[in-house]
Structure formats: C-alpha cells, structure tokens
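# A look at the structure
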Amino acid sequence: MTERAAHPQAELPAKDSKKPKAALNGARSFWLKQLHSWHWISAAVSLVGLILFAITGVTLNHAASIPADPVTVEQTAALPAPLAARLADFPEETTDPVPDAVARWSAQTLKAEIAGKPTETTAEEIYVALPTPGGDGWVTIDRSTGDVLHETTTRGWIAYLNDLHKGRNAGAVWFWFIDVFAVACLIFALTGLGLMWLHAKGRPSTWPLAALGLLVPVVIALIFIH
C-alpha cells in the first residue's frame, strides 16, 4: 500500500486552504461591484454641479479682476387710493409684511414679489428688500403720498453664478440642493477612495499621489497663509 493510500486525509489541508482565498476574492468582487455602481451614480448626479462649482471657484478667486457692469432699472408708480388708505392702519414701526392686497398690486404692476417678505417700516415709508443672486432690489412706499419706487440692479451672469456657488439670496430650494449635491460629492469621493484601496496593490503610485494631494494644501496653509 502506498503512503498516499495509507493517509488519504493528507490532502485535505491543501483543499481547505483554497477556501479563504476564494472567500476573499468573492468579497473583493462584491465590493468592487458595489463601489463601481455607487461611484458612477454619484458621479452622474453631481457632474453638472461639480462643473458649475469648479468654474465658479475660479471666477470667485479672481472676482476682483473680472469686470462687471451693473445695470440699474427703476420703476415708479402710485398706489391706488383704496390701497393707500389701508396703509393708514399699518403699524408705524414693524417688520410685518405689507397687506396682501398691496402685495398683489405690486406683483401685477411692478412685477415685484413682496408677499410675505419682511419690511422695514417707519412712520414715513415702507421698505422691502429684494436681494437676488447676482443683483439687488428693493421697493419703497411713501406712506403719505402713496408713491412707490421699485429698483433692481443686476451685475451679470458671472456674478449670478458666483452667488449660486455661495448660496447667496438663492432661496430654500437651492439651499437644500446644495446639501444634496454635497452628499453626492461625498459619496463620489469615498467610493473613489474605496476603489483606490482595492486597486492600490496593482498601482504602486496610488498612495504616494494621494499623500501628495493631502501634503500640498497642508504645506501651503502652514507656510504661505498667515
């Protein structure tokens, strides 16, 4: 009888040793598939926003050297007598919005939406600020005469996009969009990190480049920012 026949169990450890490697390959394949899926989905969701924020990052950094030609438009009108009379009962000092009827008249006559917006009201006038991305605006109502002045100022598309980058005067919907976009970018970055980790063994320059990406801003901050 041969030694192999006498000890049939001798080959079992060799077979068992393959199981951890197969399990490891299976786990790696699973995570590769998951990370690739989340990486391209987050990339698709955040692509346009990333381009917008990258471009406006440059324009904001050079805002002082980018010329802008503000354009100001003024409109004047007079409140109808019945509406002017309603303001007699409006508090002399308040931040309450103007009466709904006055807000509707403003929207129809001046195309100025002041409904629900806080005012700076005194005994002489009612002032409503109307800031917008890339511009500014306001409405004033003279309480004694009923004269209304609406002024808007725009500073061009670059200023508009710069203010969107900062979320300045862009409203609640844009506020939440920035949060959702930031989450998508975070997923994009973390799944990219996961893919780097899984592929790093076959790409020796992975971690040196990642370390360089961390080291450069740290050195700049420590040496050149005071």
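Below or above, wherever it landed, is the structure these notes cover. What you are looking at is a predicted structure, and each value in this text was computed from that prediction instead of being measured.

### A few points about the overall build of the protein chain
Within the protein chain, the secondary structure is distributed over 8 helices and 5 strands. Taking 226 residues into account, the globule formula puts the C-alpha radius of gyration at 17 Å, and the protein chain, at 32 Å, lies well above it. Considering only C-alpha atoms, the protein chain reaches an extent of 120 × 40 × 25 Å along its principal axes. Counting only residues that meet the buried cut, the protein chain has 26% of its 226 residues in that class. Counting only contacts in the protein chain whose residues sit at least 6 apart along the sequence, the fraction spanning at least 24 positions is 55%. Counting only carbon and sulfur atoms, one obtains 66% of the accessible surface of the protein chain, whose full area is about 15,700 Å². When the 17 basic and 20 acidic side-chain charges of the protein chain are each reduced to a single mean position, those positions are 28 Å apart.

### A word on the side chain of S42
With respect to the helices and strands, S42 occurs in helix α3 (residues 18–61). In terms of polar contacts, S42 uses its side chain to reach the backbone carbonyl oxygen of H39, at 3.0 Å. Those residues in contact with S42, other than ones at most four positions away along the chain, are A184, I187, F188 and T191.

### Section: the pattern of salt bridges
According to the stated counting rule, one finds 3 salt bridges in the structure shown. Here D163 makes a salt bridge to R155, at a shortest N to O gap of 3.6 Å. Judged by its relative accessible area of 29%, R155 falls in the partly exposed class. Its salt-bridge partner being R168, residue D163 comes within 2.9 Å of it at the nearest N-O pair. Looking at D163, the relative accessible area reads 4%, which means it is buried. Residue classification places R168 among the partly exposed positions, given a relative accessible area of 32%. Shared partners join several salt bridges into a network, and the residues in it are R155, D163, K166 and R168.

### Examining the sheet that holds strand β1 (residues 71–78)
Pairing within the open sheet is antiparallel, and its 5 strands lie in the order β1-β5-β4-β3-β2. Each having just a single partner strand, β1 and β2 (120–121) make up the two edges of the open sheet. Summarising the sheet, strand β4 (residues 135–142) and strand β5 (residues 147–154) pair through 7 bridges and their orientation is antiparallel. Paired with T140 across the bridge in β5 is L149.

### Notes on the packing of aromatic side chains
The tally for this structure, following the rule as stated, stands at 8 aromatic pairs. Ring geometry for F30 against W31: centres 5.3 Å apart, planes inclined by 80°, an arrangement best described as edge-to-face. Classification of F30 as partly exposed rests on a relative accessible area of 45%. Connected via pairs of aromatic rings, a cluster forms that spans F53, W174, F177 and F181.

Reading the values: rules and limits
Sequence order as written defines the numbering, with residues in each chain counted from 1. Thresholds applied to this predicted model are a pLDDT of at least 70 for local features of residues and 80 or more for the giving and counting of side-chain atom pairs; totals over whole chains, interfaces and linings are not thresholded and use all residues. The side-chain figures draw on all heavy atoms in the structure; neither hydrogens nor water molecules are used. Each helix is a run of DSSP H or I of at least 4 residues and each strand a run of E of at least 2, with the numbering of both proceeding from the N terminus. A radius of gyration in this sense is built from C-alpha atoms; the matching globule rule multiplies 2.2 Å by the number of residues raised to 0.38. Three labels apply to residues, based on accessible area from a 1.4 Å probe with only protein chains included: buried if under 20% of the type maximum, exposed if over 50%, partly exposed otherwise in between. The criterion used for residue contact is that any of the two residues' heavy atoms lie within 4.5 Å. Areas reported here follow the Shrake-Rupley algorithm with a probe of radius 1.4 Å; residue values treat only the protein chains shown as occluding. Within this scheme the basic residues Lys and Arg register as positive and the acidic residues Asp and Glu register as negative, but His and the chain ends are omitted. The location of each charge is read from NZ of Lys, CZ of Arg, CG of Asp or CD of Glu. By the criterion applied in these results, polar contacts are pairs of N or O atoms within 3.5 Å in which, for protein atoms, one can donate a hydrogen and the other can accept it, and in which residues neighboring in sequence qualify only through two side-chain atoms. Salt bridges, as used here, are contacts in which a Lys or Arg side-chain nitrogen is within 4 Å of a carboxyl oxygen on Asp or Glu. Two strands are said to pair when DSSP picks up at least two bridges between them. For Phe, Tyr and Trp, where Trp contributes only its six-membered ring, two rings pair if their centres lie within 6.5 Å, and the inter-plane angle classes them as stacked under 30 degrees, edge-to-face over 60, or tilted in between.

Keep in mind these numbers describe shape, not what the thing actually does.
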